[in-house]
Amino acid sequence: MKKLLVANWKMNKNMQECSEFANEFLKRFSHQREAWIAPQALHIPLLTHLFKNSHLKIGAQNISEFNEGAYTGETSSRSLIDAGGSFVILGHSERRQYFGETSTKLNAKIKTALSQKLSVIYCVGETLKERESKQTLAIVANQLHQGLNDQNIADAQNLIIAYEPIWAIGTGKTASPTEAQEVHAFIREILSNKFPYSGYGMRILYGGSVKPDNVEELLSQKDIDGALVGGASLKAKDFLTLCFDK
Ligand code: PEP
């Protein structure tokens, strides 16, 4: 399976910048790796249009656990699909930290998104304090068990896990390939037990200051199937380098 590179643009770029990125990216994208982009929700229709016929998926950085109704300010899975989106990132540490999203709330969001046939990238990861006190595996296991509790086994094929140590996000610090591999192998074991048929083959992405100069070493690890990328996905040139299999 090709490695998957997912761009998380967070709350960056205007429409003009989205178009410029697409033009530059499409000139040189060689499909050696799979590429997905999660822009701000309002830019999803534009990005879907710009990348039509390119096999590049466009998705959201969050959705509601509800399908429709009186939930002011929320965006539903159905409207994401209607706008051309096909995946959603859920449980990013910025959503957990700034918007109070718990693994229990995320469990409901994951169920809703999967039931609508969206692909879900569920993020897990520990703080620096938790790593230093050797709680990484316990924290990650807990986030996985709560977030994935009672999820339909048949939906697991649309589920992707992103391991993102919080201390490595946007900080320039990266988990060493060995540190990341250890956690990825642990996640794979949990998924294999939880989803007996499809768990072992589920994709597990690494996220946390992935850049052109560290991507190859990280992606060469046995259990790292791709990367979720913030800062280095904003420039087409850098994201192209990440998507190029040397
Ligand atoms: C992220 O926000 O998911 C992320 C990994 O950011 P960065 O690559 O900038 O660390």
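A brief look at the structure comes next.

Parameters at a glance
Residues numbered from 1 in each chain as written. Predicted model: local features only at pLDDT ≥ 70, side-chain atom pairs only at ≥ 80, totals over all residues. Heavy atoms only, no water. 1 Å grid on protein atoms, 1.4 Å probe; cavity = no way out; pocket = protein on both sides within 12 Å on 5 of 7 lines; lining within 4 Å. Points joined across faces, edges and corners; volume = space filled by probe spheres on them. Helix = DSSP H or I, 4+ residues; strand = E, 2+ residues; numbered from the N terminus. Nonpolar A, V, L, I, M, F, W, Y, C, P; charged D, E, K, R; others polar. Near = heavy atom within 4 Å. Polar contact = N/O pair within 3.5 Å; in protein donor to acceptor, adjacent residues only side chain to side chain. Areas by Shrake-Rupley, 256 points an atom, 1.4 Å probe, with all protein chains shown as cover. Sits in = over half its atoms within 2 Å of the grid points.

**Quick look at empty space enclosed by the protein**
In the structure shown here, the tally under the stated rule is one cavity of 30 Å³ or more. Roughly 40 Å³ of internal volume is contained in the largest cavity. Taken together, G91, H92, S93, R96, C123, V124, G125, Q143, E164 and I166 form the lining of the largest cavity. For the lining of the largest cavity, the secondary-structure elements that each account for two or more residues are α4 (93-99) and β5 (119-124). Considering only residue class, the lining of the largest cavity consists of three nonpolar, five polar and two charged.

**Here we look at the site of the ligand**
Taken together, 14 residues form the shell around the ligand, and within it K10, H92, E164, G170 and S209 come nearest. With respect to the ligand, the backbone of S209 contributes an N or O atom lying 2.7 Å from an oxygen atom. Measuring from an oxygen atom of the ligand, one finds a backbone N or O atom of G231 at 2.9 Å. For the ligand, the accessible surface in isolation is 290 Å², of which the surrounding protein chains cover 95%. Most atoms of the ligand, that is more than half of them, are within 2 Å of grid points of the second largest pocket. Grouping the constituent residues of the shell around the ligand by class yields four nonpolar, eight polar and two charged.

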